[in-house]
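Fold and geometry: a report
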Amino acid sequence: MSLFESYATDGFYDEMFEPSGLPRPHYRKLYQRLVSMSKEDFRRRCQLADLTLVNQGITFAVYGNDAGVEKPFPFDLIPRIIPSAEWDLIERGLKQRLTALNLFLHDVYHDQKILNDRVIPRDLVVDAVNYRREFIGANPPHGIYVHICGSDLIRNADGQLLVLEDNLRTPSGVSYVLENRIILTRVLPQLFRDLAVRPVEHYSTQLLRNLMDLAPEHCNGEPNVVLLTPGVYNSAYFEHSFLAQQLGIQLVEGRDLFVDENFVYMKTTSGPQRVDVIYRRVDDDFLDPLVFRADSALGVPGLINVYRAGNVSLANSIGTGVADDKVIYAYVPRIIEYYLGEKPILSNVETYLAWQPKDLSYILDNLDKLVVKAANESGGYGMLIGPQATAAERADFANRIKSNPRNYIAQPLISLSRSPALVEDRFEGRHIDLRPYVLYGKDDITIVPGGLTRVALRKGSYVVNSSQGGGSKDTWVLAGETPEALGGEMRQTQRSHTETAPQDAENLPDNGGAH
Amino acid sequence: MRLRITHNTIYRYPSTAIESHNEARLIPITDEHQTCLDHRITVNPTCGVYSYALPTGGVSYFNVREPHYYLNILSESLVITYRSNPFEGFQFIEPDEEFYADDSVRQHFCEYLAETKLVPFHSDIDRIAAVADRNRTGPGAAAFLISLTRTLHRAFEFRPGVTSVHSTISHVLEQGSGVCQDFSHLMLAICRRRGIPARYISGYLYNSVDHSVSPSVPSFRTPPEGEAIAGNEDRFDGEAGAALLGADVMHAWVECLLPDGSWRGFDPTNNLVANHHFVKVHIGRDYSDVVPLRGVYKGPTAESMQINVKVIEEL
């Protein structure tokens with residue numbers, strides 16, 4: 001009995017299967033392996049994975065969940081596979097995007113050419129909540145503002161990859177990329193040998209090297225790099241401690257650091273030790289009570305001014321949030337053309353801006369078809385999925401939008417592609433996205449192949465955020481393959497799962513695309 | 001005028017304070033109206049003072065980590081000011097709404113046209129604007145601004161202690177009184193609502209009467225209503241000669257963009273148009289951008305804060 005027995009693509013774009021029901025070329029070997037596996041065998045491997053998860057202590061804190069602060073981050077065993085040619089496109093697209101966004105950040109904190117040329121309305125930038133006037137004219141080392149970027153990619157019903165949002169502040173999730181790989185190499189070792197899966201383990205080395213390159217000029221010898229966490233109550237604390245361990249750097253909280261005479265020090269048992277580079281996982285607002293929120297106890301008083309003076313470096317820099325504001329997102333294609341003179345390699349999702357009267361009336365008239373998002377919230381909070389919302393929820397959002405149009409955007413509901421996920425004792429299609437981690441170093445931009453594939457484990461759900469019941473998958477980027485090398489021709493007998501799939505699957509219905 | 005400014009602030013604590021980190025916005029600006037020749041901040045207990053420049057003014061910062069019972073911040077500046085005739089270049093006769101309606105002007109100065117937390121567009125501000133409109137001497141924006149300055153001065157009472165640094169204009173409107181910060185916020189709201197870019201200025205005001213350096217009354221008081229203004233600097237109303245408000249503390253007023261592209265100062269607290277007695281220190285959207293001294297520390301609430309400002313003309 002195959003785990004794919006009752007599997008149906010339901011007319012969605014399926015990462016593993018073509019509409020005909022045949023596995024896509026780059027998935028063939030995995031498919032063959034999975035159909036040849038008995039349910040018992042697969043269950044045993046799942047248990048091994050769960051055990052590894054628990055033993056490694058991979059958890060994720062969820063805000064507003066009284067049942068317990070920590071729970072395991074669900075891991076789905078079936079990897080998501082990206083062929084090398086597609087990865088090449090993603091890589092070029094994301095490098096282009098981050099290069100342009102970094103130039104944008106430098107510009108809006110210096111000459112403001114893009115605003116003076118009226119490519120973007122000035123008020124959208126200078127009145128944005130995450131635009132830091134205190135940081136105007138400051139020069140971060142090597143001109144880099146965003147050292148670590150996590151951009152979310154989705155695939156629509158036509159199979160096209162789109163950028164859904166950029167995370168330029170303190171993107172999280174990379175620890176799961178590294179952990180998921182460790183788990184899967186243990187659970188499916190044979191497949192790693194058969195398929196040339198590109199490694200991801202060098203992420204930590206690359207990040208550490210980039211951080212060290214940020215050390216201030218006065219720093220002789222090995223720079224002192226630390227990771228600043230908000231503390232154990234933060235939802236990503238596991239990741240902070242994991243990364244500090246991987247990078248071999250100190251994990252510190254605000255109270256472990258102090259500023260004195262324009263330098264930053266760490267308290268140690270052998271006295272104060274100067275800190276050169278801070279990989280900070282604390283948001284701007286909470287980073288320095290002297291400059292930003294005075295009620296923050298998480299930060300280090302005086303830190304921002306030391307950074308500005310060039311005596312300590314921060315990754316990411318201050319004020320990057322102005323570029324991942326969801327309203328500015330709509331302008332990213334224009335930002336790319338403005339600074340690079342190139343067409344965007346990766347497209348945006350069509351976006352309506354509520355501050356524009358024409359878009360506002362469209363949004364209000366079509367709330368039942370659109371996804372509405374607040375400009376500056378993340379993690380799936382402050383969002384309305386119109387087609388799945390109740391009339392009362394839509395009315396509530398209509399009022400919120402009308403009272404503060406600048407703060408809202410709307411997009412058509414994209415029918416995210418699906419991938420098989422284990423549900424009880426069989427495979428079912430679940431919606432997924434992809435968050436690659438882009439590192440901007442002194443010399444170049446690098447991306448570890450793949451990234452975090454998040455999966456909405458609730459049936460029919462489009463929300464993949466870990467805080468909203470999402471799980472994750474290992475993501476395999478193949479190292480240059482031909483269809484023949486991927487498992488040869490399929491035998492007829494292995495297509496039994498297609499019997500329940502739509503017969504006329506070539507003509508994909510426009511499921512929930514809602515344009 | 002060559003003005004020497006000493007601005008001393010002392011915080012006293014009932015028991016020891018530690019880990020005090022502070023920012024100061026006390027460095028006078030250098031622009032077409034004034035040149036800052038010298039500036040120094042001295043802190044006691046002794047510590048290093050560092051600074052950097054923003055387009056809106058300079059920022060200094062320092063920390064005192066050791067236990068201390070008081071914190072004394074002495075800011076000394078030497079500034080030359082130039083604008084002896086505040087009315088010079090004002091245009092009262094021609095209508096100039098077109099300039100303010102221009103989309104590129106609205107875009108370029110959007111920061112100084114928007115509402116802020118402290119400067120909301122309260123419904124009552126239209127009534128004040130209407131009074132100022134009735135009494136203006138011409139269609140030019142400068143005529144409106146002078147009339148508005150006078151209207152605010154007459155309609156509101158200067159009374160320290162009724163508002164705090166966190167007060168929005170709603171408090172002032174309810175109470176009918178406030179300090180220079182409140183007068184300025186009110187004027188900002190009215191100007192911005194009308195589409196005139198307006199910014200908050202913190203600074204110092206030289207009071208010639210107090211220091212009897214100059215026997216003449218201040219020549220920059222706005223003229224009585226109804227009289228034509230033609231750049232004559234010898235006009236003043238009956239209140240001239242009274243001590244200026246805000247001259248013994250740090251002062252605040254408003255700068256508005258005029259159609260000739262210049263920013264000109266208006267002081268609704270004293271009913272004055274800014275001249276060479278005004279020393280600009282920092283520019284902001286409202287008070288929260290220009291806070292002269294801001295700090296965080298561990299320890300008890302300060303039992304007292306003493307501020308002493310002296311502005312002396314050097315001859």
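Bear in mind the structure is a predicted one, so any value in this text is a computation, not a measurement. (Residues numbered from 1 in each chain as written. Chains lettered and ligands numbered in written order. Predicted model: local features only at pLDDT ≥ 70, side-chain atom pairs only at ≥ 80, totals over all residues. Heavy atoms only, no water.)

The next point concerns the overall build of chain A. For chain A, the count of helices and strands is 15 helices and 23 strands. Looking at the 515 residues of chain A, the share that counts as buried comes to 59%. Here the analysis covers contacts within chain A between residues at least 6 apart in sequence; of these, 70% occur between residues at least 24 apart. Total accessible area computed for chain A in this model is approximately 20100 Å², and 49% of it derives from carbon and sulfur atoms. (Helix = DSSP H or I, 4+ residues; strand = E, 2+ residues; numbered from the N terminus. Buried < 20%, exposed > 50% of the residue type's maximum accessible area, 1.4 Å probe, protein only. Contact = heavy atoms within 4.5 Å. Areas by Shrake-Rupley, 256 points an atom, 1.4 Å probe, with all protein chains shown as cover.)

Here the focus is the pattern of salt bridges. In this structure the tally under the stated criterion is 52 salt bridges over all chains. Across the pair D433 of chain A and R454 of chain A runs a salt bridge whose closest N-O atoms are separated by 3.0 Å. You can see D433 of chain A sitting in strand β19 (residues 426-435) and its partner R454 of chain A sitting in strand β22 (residues 452-456), a full 21 residues away along the chain. Residue classification places R454 of chain A among the buried residues on the basis of a relative accessible area of 7%. Linking R294 of chain B and E23 of chain B is a salt bridge whose minimum nitrogen-to-oxygen distance equals 3.4 Å. Highlighted residues: R294 of chain B in strand β13 (residues 293-298) and E23 of chain B in strand β1 (residues 2-24), separated in sequence by 271 residues. On the accessibility criterion, R294 of chain B (26% relative accessible area) is partly exposed. (Salt bridge = Lys/Arg side-chain N within 4 Å of Asp/Glu carboxyl O.)

All names here are of chain B. For the structure shown, the criterion picks out 8 cavities of 30 Å³ or more. Its boundaries defined by the atoms lining it, the second largest cavity holds a volume of some 150 Å³. H33, E255, A274, N275 and F278 are, among the 18 residues lining the second largest cavity, the residues nearest its centre. Sorting the residues of the lining of the second largest cavity by element identifies β9 (251-257), β10 (263-267) and β12 (278-284) as the ones contributing at least two each. Of the residues in the lining of the second largest cavity, the class split is 8 nonpolar, 6 polar and 4 charged. When residues of the lining of the second largest cavity are assigned to domains, at least three fall in each of domain 1 (2-81 + 291-313) and domain 2 (97-280). (1 Å grid on protein atoms, 1.4 Å probe; cavity = no way out; pocket = protein on both sides within 12 Å on 5 of 7 lines; lining within 4 Å. Points joined across faces, edges and corners; volume = space filled by probe spheres on them. Nonpolar A, V, L, I, M, F, W, Y, C, P; charged D, E, K, R; others polar. Domains from an automatic or database assignment.)

Residue and element names in this part refer to chain A. Every buried residue of helix α13 (residues 332-340) is listed here: V332, I335 and I336. One side of α13 holds all its buried residues, which, seen down the axis, span an arc of 100°. Looking at the buried side of α13, the elements it contacts are α3 (84-108), α4 (113-116), β5 (161-167), α12 (326-329) and β13 (347-348). G341 sits one or two residues past α13 and shows a positive phi near 65°. (Arc of directions from axis to C-beta.)

All names here are of chain A. By secondary structure assignment, the location of R24 is in the segment before α1 (28-35). Residue R24 is classed as buried on the basis of its relative accessible area, which comes to 11%. Along the chain, R24 and I120 lie 96 residues apart, while their C-alpha atoms are 42 Å from each other. One polar contact links the side chain of R24 to the main-chain carbonyl oxygen of F17, over a distance of 3.1 Å. (Polar contact = N/O pair within 3.5 Å; in protein donor to acceptor, adjacent residues only side chain to side chain.)

Right, let's talk about the sheet that holds β10 of chain B for a bit. Residue and element names in this part refer to chain B. On the basis of which strands lie adjacent, the open sheet formed by 5 strands has the order β11-β10-β9-β8-β12 and antiparallel pairing. Each end of this open sheet is capped by a strand with a single partner; those strands are β11 (272-273) and β12. Bridging between strand β8 (residues 198-205) and β9 involves 6 bridges; their strand directions are antiparallel. From the neighbouring strand, I201 faces β9, where its bridge partner is W253. Contacts from helix α4 (residues 141-155) reach β9, β10 and β11, with the element oriented near 25° to β10. Strand contacts of helix α6 (residues 180-193): β8, β9, β10 and β12, with the helix running at about 15° to β9, the strand carrying the most contacts. (Pairing = 2+ DSSP bridges. Axes fitted to C-alpha atoms, helices over the stretch in contact; angles between N-to-C directions.)

Residues and elements named next belong to chain A. Overall, the coordinates contain 32 aromatic pairs over all chains when judged by the stated rule. Plain terms: the ring middles of Y109 and Y131 are 4.9 Å apart, the flat faces sit at 5° to each other, and that makes the pair stacked. Placement of Y109 in the loop between α3 and α4 and of Y131 in the loop between α5 (122-126) and β4 (148-155) is noted, with a sequence separation of 22 residues between them. Pair check on accessibility: Y109 and Y131 agree, each one buried. Between F258 and Y265, the aromatic rings sit 5.6 Å apart at their centres with planes inclined by 25°, giving stacked as the arrangement. Members of the aromatic cluster, each reached through a chain of ring pairs, are F4, Y7, F17, Y31, F42 and F427. In this structure, R400 is placed above the aromatic ring of F397, and the distance from its NZ or CZ to the ring centre is 4.3 Å. (Phe/Tyr/Trp six-rings, centres within 6.5 Å; stacked < 30°, edge-to-face > 60°. Lys NZ or Arg CZ within 6 Å of the ring centre and 35° of its normal.)

A separate point is the interface of chain A and chain B. Taken together, the contact pairs 23 residues of chain A with 27 residues of chain B. When chain A packs against chain B, the two sides together hide about 2200 Å² of surface, and 48% of this comes from carbon and sulfur. If you sort the residues of chain A by the area they bury against chain B, R133, E261 and L290 of chain A come out on top, with a joint share of 30%. Our count for the chain A to chain B interface comes out at 3 salt bridges. Across the pair R133 of chain A and D289 of chain B runs a salt bridge whose closest N-O atoms are separated by 3.8 Å. For the pair chain A and chain B, the interface holds 14 residue pairs in polar contact (both at pLDDT 80 or more). If you list the elements that add at least two residues to the side of chain A that touches chain B, you get α5, β8 (257-260) and α11 (303-308) of chain A. Of the residues assigned to the side of chain A that touches chain B, the class counts are 10 nonpolar, 4 polar and 9 charged. (Buried area = accessible area lost by both parts, 1.4 Å probe.)

Its place among the elements puts H185 of chain B in helix α6. Not counting residues up to four positions away in its chain, the partners in contact with H185 of chain B are L118, V119, S167, I169, Y200, D286 and Y287 of chain B.

A few words now on the side chain of N72 of chain B. For N72 of chain B, the position within the fold is in strand β5 (residues 68-81). Within the structure, the side chain of N72 of chain B is placed 3.5 Å from the side chain of N8 of chain B, a separation counted as a polar contact.

Here we take up the layout of surface pockets. Approximately 390 Å³ is the volume attributed to the second largest pocket. As for the second largest pocket, its lining consists of 18 residues, of which P289 and P301 of chain A together with E19, V296 and K298 of chain B are closest to the centre. The element best represented in the lining of the second largest pocket is β13 of chain B, accounting for 4 residues.

Next up on the list: the domain arrangement of chain B. Residues and elements named next belong to chain B. According to the domain assignment, chain B contains domain 1 (2-81 + 291-313) and domain 2 (97-280). Tallying the contact residues gives 18 residues for domain 1 and 16 residues for domain 2. Summing both partners gives a buried area of about 1500 Å² for domain 1 against domain 2, and 62% of it is carried by carbon and sulfur. The tally of links between domain 1 and domain 2 comes to 1 salt bridge. Where domain 1 touches domain 2, the interface holds 6 residue pairs in polar contact (both at pLDDT 80 or more). Among the elements of the structure, β1, β5 and β14 (304-313) are those that each provide at least two residues to the side of domain 1 that touches domain 2. If you tally residues by element for the side of domain 1 that touches domain 2, the top one is β14, at 4 residues.

For the bond running from A315 of chain A to N316 of chain A, omega is -5°, close enough to zero to count as cis. With respect to the helices and strands, the residue N316 of chain A is situated in the loop between β12 (313-315) and α12. Looking along the chain, the bond that leaves N44 of chain B and enters P45 of chain B is cis, with omega of 0°. Looking at the element boundaries, P45 of chain B is found in the loop between β2 (34-44) and β3 (50-54). The residue H142 of chain A is not glycine, and still its phi comes out positive at about 60°. Residue placement: H142 of chain A occurs in the loop between α5 and β4. Positive phi, close to 50°, is recorded for E19 of chain B, a residue that is not glycine. Within the secondary structure layout, E19 of chain B lies in strand β1.

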